[in-house]
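This is what each chain is made of:
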Amino acid sequence: MGQPVREYLLTLCVTAAVTYLLTGPVRKFAIAAGAMPEIRARDVHREPTPRLGGIAMFGGLCAGLLVASHLTNLKSVFENSNEPRALLSGAALIWILGVLDDKWGVDALVKLGGQMIAAGVMVLQGLTILWIPIPGVGTVSLTPMQGTLLTVALVVITINAVNFVDGLDGLASGMVCIAAAAFFMYAYRMWFGYGIEAAAPATLFSVVLMGMCLGFLPHNMHPARIFMGDSGSMLIGLVMAAGAVSVTGQVDPDLLNVKAGGLREATHAMVPVYIPLLLPLTIIAVPVADLVLAIVRRTWKGQSPFAADRGHLHHRLLEIGHSHSRAVLIMYFWSALIAFGAVAYSVNNASMWIVLGIVLLSAVGLVLLLLPRFTPRTPRWAEWMVPPRYRRVSRATTPEAPAAEWDGESDVAPEEEREPVPAGVNGATAIGDRSRFVEHRRADSHH
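Residues numbered from 1 in each chain as written. Predicted model: local features only at pLDDT ≥ 70, side-chain atom pairs only at ≥ 80, totals over all residues. Heavy atoms only, no water.

Asks: An account of a nonpolar patch on the surface is requested, with residue identities and associated values reported.
Replies: On the surface, Tyr 345, Met 352, Trp 353, Val 355, Leu 356 and Val 359 cluster together into a nonpolar patch covering about 650 Å² of accessible area. With five residues, the top contributor of residues to the nonpolar patch is helix H16 (residues 352-369). With respect to the helices and strands, Val 359 occurs in helix H16. What makes Val 359 exposed here is its relative accessible area of 52%. (Patch = residues over 30% accessible without salt bridge, like charges linked within 9 Å, V, L, I, M, F, W, Y side chains within 5 Å. Areas by Shrake-Rupley, 256 points an atom, 1.4 Å probe, with all protein chains shown as cover. Salt bridge = Lys/Arg side-chain N within 4 Å of Asp/Glu carboxyl O. Helix = DSSP H or I, 4+ residues; strand = E, 2+ residues; numbered from the N terminus. Buried < 20%, exposed > 50% of the residue type's maximum accessible area, 1.4 Å probe, protein only.)

Asks: Describe the side chain of Asn 160, naming the residues involved and giving the relevant values.
Replies: Structurally, Asn 160 can be placed in helix H6 (residues 144-165). Of the residues examined, Asn 160 reaches a relative accessible area of 12% and is grouped as buried. Not counting chain neighbours up to four residues away, the residues in contact with Asn 160 comprise Gln 115 and Leu 291. (Contact = heavy atoms within 4.5 Å.)

Asks: Outline the pattern of salt bridges, listing residues and values.
Replies: Here the idea is simple: oppositely charged side chains can pair when their charged atoms come close. The final tally for this structure, using the stated rule, is two salt bridges. Between Asp 101 and Lys 111 there is a salt bridge, with its nearest N and O atoms 3.5 Å apart. With a gap of ten residues between them, Asp 101 in helix H4 (residues 83-103) and Lys 111 in helix H5 (residues 108-124) connect regions that are remote in the sequence. Side by side, Asp 101 and Lys 111 carry an identical accessibility label, which is buried. Between Asp 230 and Lys 111 there is a salt bridge whose closest N-O contact spans 2.7 Å. On the criterion of sequence distance, the pair formed by Asp 230 in helix H9 (residues 229-249) and Lys 111 in helix H5 is long-range, its members being 119 residues apart. The same class applies to Asp 230 and to Lys 111, which are both buried. The network of salt bridges with common partners includes Asp 101, Lys 111 and Asp 230.

So, in structure tokens, the structure goes:
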């Protein structure tokens, strides 16, 4: 089992290295090509930033699959299955659509149609859901039409969930990387733990996806030098969906029953992926929750579900007082808790320790989430021991009582640097007409 692990690690490193090295030239190309849209009302960043980061990520995807196809243990995935080629075909289509959108802008309905076409191309090449294991009913075989519709729906939901959450520097790539790591652990256990060859493509897809995200993250962390754009967010969403379709719709539950040693063991192993539609919802529950809330919120206001606003979860975290970096880390925490919690529960869902651990970590997450609401007031005699943001700062700054210096971590600058931002411009929110976001004095930029 050691040899496959080394080959997966090599594939991961090659994918990450190629993505990382390509991102710098792609950034220069994006600037030269003018792929730097103006600041929109829903954007958090304060100056135009080049997009098209998906070009580098697609290069990493191609490099990872190419290397894997020549490795001793992984080349069997390409020989025994057409799924890697199906993934590459669908990824190429969705990537081209994303590049066009990043540069010139594409209508939302056109993008939706392109996503459905990319999913259909993968279905035509064999990457589709064949059956659904339903508790209490058993394995339900799907007709070709049912499998196609379910696969397309799953792919489109996952793509848009990732695309919707791509609103803060490093947020989408980091959350998808966490989800891919958890998904790799599950798929690897299915393949080498139970000897089910049908889980091999999903394992490879997860490794390549991790490499794409890890290679792009150094360029995308706050303050980002480049954005992945729709060419990147839709691409990683499609790769994630392809892995979910592969391991869920292709693995025969009856075979798992035999390999696991009985119905009870097989049931425990399949707990987090009983129904294919629940798999991406389990792995990327935070983006999907954001997607559902956005659709409900916009529809309730009489707007199009595709209309942009600043009501996403990451915007709300900034609204209640979290800094940019802390908001991203909180989203990482919840993604890791849900994804790895589901994997741990699938390994041993009879253990109360796992359930108690998940409950305890959820409580910790809620405390971190609401922390700005309970910012402690430090006594004046102890102010020198705490960061400036916890010190009492007078609203009326006088020469005798200078304001505390801005530590650079919070998204709220000192009072003397604040300038009101009209509602509807960069500081607009989805909560009311008055904006609580403020405009910073732009510091010298190195990019």
